Amino acid sequence: MSSQPDASSKQPNPTPTPPVLLVIAGAAGSGKSTLCERLVSTEAEFSRVVTTTTRPPRPGEIDGVHYHFLTPEQFDAKLAAGEFLEWAWVHQKHRYGTLASSVLEPLANGRSLAINIDVQGVESFRNAAKTNPILARHMATVFIDVPMEELRKRMKLRGQDSDAEIERRMKTAEREVQEAGKFDYLIKSTTRDEDFAALQAAWRGTCERIASS
Ligand SMILES: Nc1ncnc2c1ncn2[C@@H]1O[C@H](COP(=O)(O)OP(=O)(O)OP(=O)(O)O)[C@@H](O)[C@H]1O
């Protein structure tokens, strides 16, 4: 995960906005990370949700900044106490998740948050919002919709994944796109700039909903 940008490089927004939680999902290669990074690096109100992992820190990674690093035992204890909004095994090796406190505390302090997560993780957030009025009020879910052939192209161009891995991700993408109708906002992906403008529109829409409720 990339480091948090320097807050001083962001332009403060002259009009105060209510804090929001934008939960951004889409298939692998859809551009979630690109959008999330641009939002937290250009909009002064936004921070990235600091998620939790049992994988050991890599050199240079700071606890509480890049991740909350927990031992498997600490993770188990928080799980048993119901402190996670969502969690998952990754590559059957390490667990990753989002603590409710990592979302609720910044929101209570007036910070807006963005998180990029898979479609299954969003379902957990939606379920949590059913019993948590703060989440229900401040959260909006955003799906980035990319035509299948364009997805394959983006993953090939990115050059991170083998052909076999890309095909595996494409199969998952076909399942994930079936869930698009459950999201509050759908971004029909075109250029990076237009996608970002659509994300900003989703942010504005969410602020208006909160202000009028
Ligand atoms: N609107 C766009 N048009 C063309 N290319 C894009 C667009 N948005 C992002 N990309 C490129 O597509 C590739 C995938 O983007 P990114 O890594 O942000 O996707 P992701 O959804 O976070 O993927 P993953 O889930 O695999 O981490 C990157 O190379 C990125 O630069």
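Residues numbered from 1 in each chain as written. Predicted model: local features only at pLDDT ≥ 70, side-chain atom pairs only at ≥ 80, totals over all residues. Heavy atoms only, no water.

As recorded by an unreviewed UniProt entry, the protein chain carries the name Guanylate kinase and is attributed to Ereboglobus luteus. The Sequence similarities (unreviewed entry) comment attached to the protein chain in UniProt states, word for word, "Belongs to the guanylate kinase family." (UniProt positions renumbered as here; feature names shortened; annotations may be inferred.)

Which parts of the structure should I look at to understand the overall build of the protein chain?
When helices and strands are counted, the protein chain shows eight helices and nine strands. In terms of overall size, the protein chain behaves like a compact globule, its C-alpha atoms giving a radius of gyration of 17 Å where 213 residues would be expected to give roughly 17 Å. Across its three principal axes, the protein chain shows a C-alpha extent of roughly 45 × 45 × 35 Å. Relative to its full complement of 213 residues, the protein chain shows a buried share of 42%. Summed over all atoms, the accessible surface of the protein chain reaches about 11500 Å², with 53% contributed by carbon and sulfur. Distance between charge centres in the protein chain, computed from 27 positive and 28 negative side chains, equals 1 Å. (Helix = DSSP H or I, 4+ residues; strand = E, 2+ residues; numbered from the N terminus. Rg over C-alpha atoms; globule rule 2.2 N^0.38 Å. Buried < 20%, exposed > 50% of the residue type's maximum accessible area, 1.4 Å probe, protein only. Areas by Shrake-Rupley, 256 points an atom, 1.4 Å probe, with all protein chains shown as cover. Lys, Arg positive; Asp, Glu negative; His and termini not counted. Charge placed at Lys NZ, Arg CZ, Asp CG, Glu CD.)

It is not clear to me how helix 4 (residues 119–131) should be interpreted in this structure. Could you clarify?
Here helix 4 has its buried residues at Val119, Gly121, Val122, Phe125, Arg126, Ala128 and Ala129. Relative to the axis of helix 4, the buried residues are bounded by an arc of 165° and lie together on one face. Along helix 4, the residues that are exposed and aim more than 90 degrees away from the buried face are Gln120, Lys130 and Thr131. (Arc of directions from axis to C-beta.)

Even after reading the chapter, I still don't get the packing of aromatic side chains, so can you show me in this structure?
Within a pair of aromatic rings, the relevant descriptors are the distance that separates the centres and the angle that separates the planes. By the definition in use, this model includes six aromatic pairs. Three or more aromatic residues joined by ring pairs make a cluster, and in this case those are Tyr67, Phe69 and Tyr96. Lying over the aromatic face of phenylalanine 183, arginine 126 brings its terminal NZ or CZ to 4.7 Å of the ring centre. (Phe/Tyr/Trp six-rings, centres within 6.5 Å; stacked < 30°, edge-to-face > 60°. Lys NZ or Arg CZ within 6 Å of the ring centre and 35° of its normal.)

I would appreciate a short explanation of the UniProt feature "domain: Guanylate kinase-like" (unreviewed entry) in the protein chain in the present structure.
With numbering matched to this structure, UniProt assigns "domain: Guanylate kinase-like" (unreviewed entry) to residues 19–204. Segment residues 19–204 splits into 46% helix and 23% strand. End C-alpha atoms: 11 Å apart.

Where do I start with the site of the ligand in this structure?
Taken together, 16 residues form the shell around the ligand, and within it Lys32, Ser33, Thr34, Arg158 and Arg192 come nearest. In this structure, a nitrogen atom belonging to the ligand sits 3.1 Å away from a main-chain N or O atom of threonine 190. For the ligand, a nitrogen atom lies 3.0 Å from a polar atom in the side chain of aspartate 195. Mapped onto the shell around the ligand, the elements with two or more residues apiece are helix 1 (32–42), helix 6 (148–158) and helix 8 (192–211). Element by element, the count of residues in the shell around the ligand is highest for helix 1, at three residues. When the residues that make up the shell around the ligand are grouped by side-chain class, the tally is two nonpolar, eight polar and six charged. (Near = heavy atom within 4 Å. Polar contact = N/O pair within 3.5 Å; in protein donor to acceptor, adjacent residues only side chain to side chain. Nonpolar A, V, L, I, M, F, W, Y, C, P; charged D, E, K, R; others polar.)

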